[in-house]
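Commentary on secondary and tertiary structure
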Amino acid sequence: MKPLLSGRSAAAIVFLALGTRASYAIAIDGPQLLNAGWITFLMAAIGVAPLAFSMDFLENAMQKPAAEFMKGAWVRVYSVVLALFALYETGCGIFLLSGSASYLAYETISAPVMFIVCGLTAAAGCMIGSEAVAGAARIALRLFAIAVVFVVFSQMSSYNWRWLTPVFGPGLKVILPPALSVSGMLTGMIPLWLFTDYNNRYVKRGYMKKILLAITGYGVMVSLLFAMLLPAMPKGPMTRWFQLERLLANGRTPQALQVIMIPAWFSLLLVSLSFNMLCATEMLGIAFPSTKPIWRIGICLAAILAISFSPLGTRPYIELINLIRWPVCSIPLLIYALIIAAKKRKAVSPA
Amino acid sequence: MKKLLLLLLIVPVCLVLPGCSQTRQPEHQAFAISLSADLLDDGQMLIAVQVPTFGGEASPSDKGGGGEGGEGGSSPQSNYAIYSATGASFPEALDLLQSTIPNTLKLTQLKSIVFNDKLARSEQFGRVVEQMVMTYQIFGAASAIMCLGSAREFIENQHPVIGVRLSTSIASALEHYFLGGYTTLTSLYGLNASNKSIYSDPVITVAAVGESDEAEQIKIEPNLMGNAIAGKLPREGSNPNQYMGCALVLGGRVIDILDGRLCQWMEMLNADVKSVNYMCDGISVQLSVLSRPKFDIRLKPDGIDVSLNVKLLAVPLIEAPDEHVLREKIKGEILDLIDRCQAAGVEPFNLAELAAINFLTVQDFQNYHFRDKFCASDVAVTVDIVMDKS
């Protein structure tokens, strides 16, 4: 059977989508972190590490772990919950993508129109298929790698590592909630793992640890580079607009460089959007197997537009919802892994 | 097939979604290259922009385009128009300006932003800088300049050449002055970031149009440049605009102004400039930093110990000055600079960044009150000079 996603594609898509999501959560939605975003990212990765280890353990322990895991009526509820979180992520992504586009060039176009265009783009990605989205992710990855090289070398003289100090920035009390929230975002790897395995089309096994490590490296690098470019501004405005400006037009980035950075930024956001929408439609497919994909895409499109039109895409909700997301999405899988581990231990231990 | 048709349908839908907005041609935009902001005696804000007029000089219809208190027109020597507007605040004046000039005002190509000294010294300054940074699409890399006298007059008197790229001659001129060490280069965004940060205080370039009465009030010591401050330079030329010296900013407003001589040392100590021309008892030498000037700081609960070591290579242009005299003169000027900064309560030497390493959180660092402790400290300066006798 033709794989739904090859191992390489799955790695590329989850790496880019989640790495980007977590990075912009820190850079744009976390102004209170000051320049301690990189530590926040590390803490978030530690928070989600048991999940990656569990998925790899299940892959090694069982033939089809996701299919086994998804037996029973409650999995429909779990799938719907995962789908809702994925939809929420897509809605937030649309909010940011349209905001970035308006900021850069389309200030005269109304936000609802931008939301619709972004939503349709994500839906188009889903309709073409997961491998197409993954293909776009692989292209974006190369584009991003080139952009990073240009950006780093051309701004080399502007980086100041001393701006990373004091090392804990606003203090652990302030860092912890966003770190848990970013952990919640990184649980976005669960739907991908589930639907690829559930559909019996998974190719490569046991690489969630590696992907998490790669995402952590990516997130920490982006946070460090960003933090070394400008000093922490505890007295500055804590708005998204200001943070976006800090990220894209920070007075240090030459305009020629922005030409390189901006396509990379939009490519990453579009991959992130398509990935989340793809996860949502696939999760709904598991919960409601008799529905046609086109209907699921339509429902998801309506839902993400509703989210992006609502205030749910704003910062206080993002942090709160992702704080809830982390235990809600992780605990069932962690418990399942513990049960399987216990069973295996029982099976191998002498009677 | 259905999928393909649906996909094809999305393309025309996306095309019509933005509506029937007009295309935006370059000649329909007013790309400002310089922006000035003057705080007037009555508390009003006068802002002006210098805009290149494509395909010739500004049309007579541009005159009066500034709305209330506004005016427009072109300079005969260059194809630029000046538009201005007055309002109770910067956003109000900008709004008025945008509404009353014939084209869409674009601030994405700004090269310099000039503030008059009254504004720069006022409590409003930090707020105005922040408002500018937050202004949609304003170019944050534009250099921030303080003008002794009218900022509007200053931008009216600059006649940059229109090159292949839009007036890079302003940026090029600013870099030229900076490399001499007599001015600094601080972007609008950098100024705002330093104002809002926990680290060292920013400095901005000082400029003036011709002879300036405001320059008379600045404490300076004549040296090779005569009176080394913009507005008092003993020179003549077709361009009356002068750049020299830098202004110390504390708490979002200018506290003191340093002349070109002290500015040179500021740039050398911060390793922003590596080499400058220097006069010692009428003898010209080129001074280069052999290694980055090294500040050592030791933090104590009740104060800090600061020491500075400067290693310089002196290359005499014709004859060599007395090494001892040169060393003492340089040491004296560096101590003079540090004293001026300490007296003003300003720490512009990037020492806060050095000190912050010793703290775990921003709050701890802020509670230490590093700037106050620096200003109360004695700084030990040693100067090592290697004379190039080849």
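Residues numbered from 1 in each chain as written. Chains lettered and ligands numbered in written order. Predicted model: local features only at pLDDT ≥ 70, side-chain atom pairs only at ≥ 80, totals over all residues. Heavy atoms only, no water.

Bringing the packing of aromatic side chains into the picture now. All names here are of chain B. In the structure shown here, the tally under the stated rule is 13 aromatic pairs over all chains. Between the aromatic rings of phenylalanine 115 and phenylalanine 125, the centroid separation amounts to 4.9 Å while the plane-to-plane angle is 85 degrees, which identifies the pairing as edge-to-face. Note that phenylalanine 115 is positioned in strand S6 (residues 112–116) and phenylalanine 125 in helix H4 (residues 125–134), a separation of 10 residues in sequence. The burial state of phenylalanine 115 is the same as that of phenylalanine 125; both residues are buried. Centroid distance phenylalanine 295 to phenylalanine 349: 5.8 Å. Interplanar angle 35 degrees. Geometry classified as tilted. (Phe/Tyr/Trp six-rings, centres within 6.5 Å; stacked < 30°, edge-to-face > 60°. Helix = DSSP H or I, 4+ residues; strand = E, 2+ residues; numbered from the N terminus. Buried < 20%, exposed > 50% of the residue type's maximum accessible area, 1.4 Å probe, protein only.)

Residues and elements named next belong to chain B. Strand order in the open sheet formed by 4 strands is S11-S12-S13-S14, and the pairing between neighbours is mixed. At either margin of the open sheet sits one strand with a lone partner, and together these are strand S11 (275–280) and strand S14 (379–387). Between one strand and the next, the sheet's axes are offset by a mean angle of 35 degrees, whatever the strand orientation. Two strands pair when backbone bridges link them, and strand S13 (residues 303–316) and S14 are joined in this way by 9 bridges, in the parallel orientation. Residue pairing across strands places leucine 312 opposite isoleucine 385, the latter belonging to S14. (Pairing = 2+ DSSP bridges. Axes fitted to C-alpha atoms, helices over the stretch in contact; angles between N-to-C directions.)

Turning next to the sheet that holds strand S10 (residues 253–258) of chain B. All names here are of chain B. Read across the open sheet, the 8 strands follow the order S4-S3-S2-S6-S7-S8-S9-S10; overall the sheet is mixed. Here the strands that pair on one side only, and so sit at the sheet edges, are strand S4 (80–87) and S10. Across the sheet, the axes of successive neighbouring strands diverge by a mean angle of 30 degrees, strand direction being ignored. Relative to S6, strand S2 (residues 34–39) runs parallel, the two sharing 4 bridges. Residue pairing in the sheet places serine 36 in a bridge with valine 114 of S6. Each of S2, strand S3 (45–52), S6, strand S8 (203–209) and S10 is contacted by H4, which is oriented at about 155 degrees to S6, the strand it contacts most. (Contact = heavy atoms within 4.5 Å.)

What follows covers the nonpolar core. A:Leu194, A:Trp265, A:Met277 and A:Leu333 are the most contacted members of the largest nonpolar core, which totals 120 residues. Ranked by residue count, the leading element in this core is helix H11 (residues 255–287) of chain A, at 16 residues. Sequence-distant contacts of A:Leu194, that is, excluding residues within four places in its chain, are made with A:Ala66, A:Phe69, A:Met70, A:Tyr78, A:Leu82 and A:Met283. The next biggest cluster of nonpolar side chains, apart from the first, holds 56 residues, and it includes B:Cys263, B:Val273, B:Cys280 and B:Ile385. (Core = buried A, V, L, I, M, F, W, Y, C linked by side-chain atoms within 4.5 Å.)

Looking now at the packing of helix H8 (residues 260–269) of chain B against helix H9 (residues 323–344) of chain B. The relative placement of two packed helices comes down to the angle between their axes together with the axis-to-axis distance. Residue and element names in this part refer to chain B. The contact between H8 and H9 brings their axes to 10 Å, and the two run at 90 degrees. Put simply, H8 runs roughly perpendicular to H9. On the side of H8, the interface is formed by Arg261, Leu262, Trp265, Met266 and Leu269, while H9 contributes Ile330, Glu333, Ile334, Asp336, Leu337, Arg340 and Cys341. Considered class by class, the residues forming the contact of H8 with H9 number 8 nonpolar, no polar and 4 charged. (Parallel < 35°, antiparallel > 145°, perpendicular 65-115°, else oblique. Nonpolar A, V, L, I, M, F, W, Y, C, P; charged D, E, K, R; others polar.)

Many authors give the size of an interface as the accessible area that is lost as the parts come together. With 44 residues of chain A in contact, the opposing surface of chain B contributes 39 residues. Here chain A packs against chain B, burying approximately 3500 Å² in sum over the two surfaces, 65% of which is carbon and sulfur. For the interface between chain A and chain B, the tally reads 0 salt bridges. Inspection of the region where chain A meets chain B yields 6 residue pairs in polar contact (both at pLDDT 80 or more). For the side of chain A that touches chain B, the secondary-structure elements that each account for two or more residues are helix H4 (74–104), helix H5 (111–128) and helix H10 (240–248) of chain A. Per-element accounting of the side of chain A that touches chain B gives the leading share, 7 residues, to H5(A). For the side of chain A that touches chain B, a count of residues per class yields 28 nonpolar, 11 polar and 5 charged. (Buried area = accessible area lost by both parts, 1.4 Å probe. Salt bridge = Lys/Arg side-chain N within 4 Å of Asp/Glu carboxyl O. Polar contact = N/O pair within 3.5 Å; in protein donor to acceptor, adjacent residues only side chain to side chain.)

What follows covers helix H6 (residues 168–179) of chain B. Residue and element names in this part refer to chain B. With 12 residues, H6 extends 16 Å between its outermost C-alpha atoms, agreeing within 8% with the 16 Å of an ideal straight helix rising 1.5 Å per residue. Among the residues making up H6, those that are buried are Ile170, Leu174 and Phe178. Buried residues along H6 cover an arc of 75 degrees about the axis, so they all sit on one side. At its buried positions, H6 is contacted by S2, S6, strand S7 (143–148), strand S9 (241–250) and H8. Glycine 181 sits one or two residues past H6 and shows a positive phi near 90 degrees. (Expected span 1.5 Å × (residues − 1). Arc of directions from axis to C-beta.)

Turning our eyes to something else, we now look at the confidence of the model for chain B. All names here are of chain B. With 84% of its residues at a pLDDT of at least 70, chain B reaches an overall mean of 83. Counting interchain partners and residues more than four positions distant, the pLDDT-below-50 stretch residues 58–77 has 45 contacts. Scoring of the predicted complex yields 0.82 for pTM and 0.82 for ipTM. (pLDDT = per-residue confidence, 0-100.)

All names here are of chain B. Under the criterion given, the structure shown has 18 salt bridges over all chains. Linking glutamate 156 and arginine 152 is a salt bridge whose minimum nitrogen-to-oxygen distance equals 2.9 Å. Highlighted residues: glutamate 156 and arginine 152, both in helix H5 (residues 151–156), separated by 4 residues, approximately one helical turn. The exposure class assigned to glutamate 156 is partly exposed, which follows from its relative accessible area of 34%. The exposure class assigned to arginine 152 is buried, which follows from its relative accessible area of 8%. Each of Asp259, Arg261, Lys329, Glu333 and Asp336 takes part in a single network of salt bridges with overlapping partners.

The next point concerns the side chain of B:Gln264. Residues and elements named next belong to chain B. Within the secondary structure, glutamine 264 is located in helix H8. Among the polar contacts listed, one links the side chain of glutamine 264 to the backbone oxygen of glycine 180, at a separation of 3.3 Å. Other than its neighbours up to four places away in sequence, glutamine 264 contacts Gly180, Gly181, Tyr182, Val276, Asn277 and Tyr278.

This brings us to the packing of H4(A) against helix H13 (residues 315–348) of chain A. Residue and element names in this part refer to chain A. It is at 11 Å that the axes of H4 and H13 come closest, and there the two elements cross at 150 degrees. With respect to their mutual orientation, H4 and H13 come out roughly antiparallel. Where H4 crosses over H13, the handedness of that crossing is left-handed. Residue-level inspection shows Trp74, Tyr78, Val81, Leu82, Phe85, Tyr88, Glu89 and Cys92 of H4 in contact with H13, the latter providing Tyr317, Ile318, Ile321, Asn322, Arg325, Val328, Cys329, Pro332 and Leu333. In the contact of H4 with H13, the residues fall into 14 nonpolar, 1 polar and 2 charged. (Left-handed = near helix turned anticlockwise from the far one by under 90°.)

The grouping of A:Ile294, A:Trp295, A:Ile299, B:Leu6, B:Leu9 and B:Val13 at the surface amounts to a nonpolar patch, some 580 Å² of accessible area in total. Counting only elements with at least two residues in the nonpolar patch, the list comes to helix H12 (293–309) of chain A together with helix H1 (2–16) of chain B. The residue B:Leu9 is located in helix H1 in this model. (Patch = residues over 30% accessible without salt bridge, like charges linked within 9 Å, V, L, I, M, F, W, Y side chains within 5 Å. Areas by Shrake-Rupley, 256 points an atom, 1.4 Å probe, with all protein chains shown as cover.)

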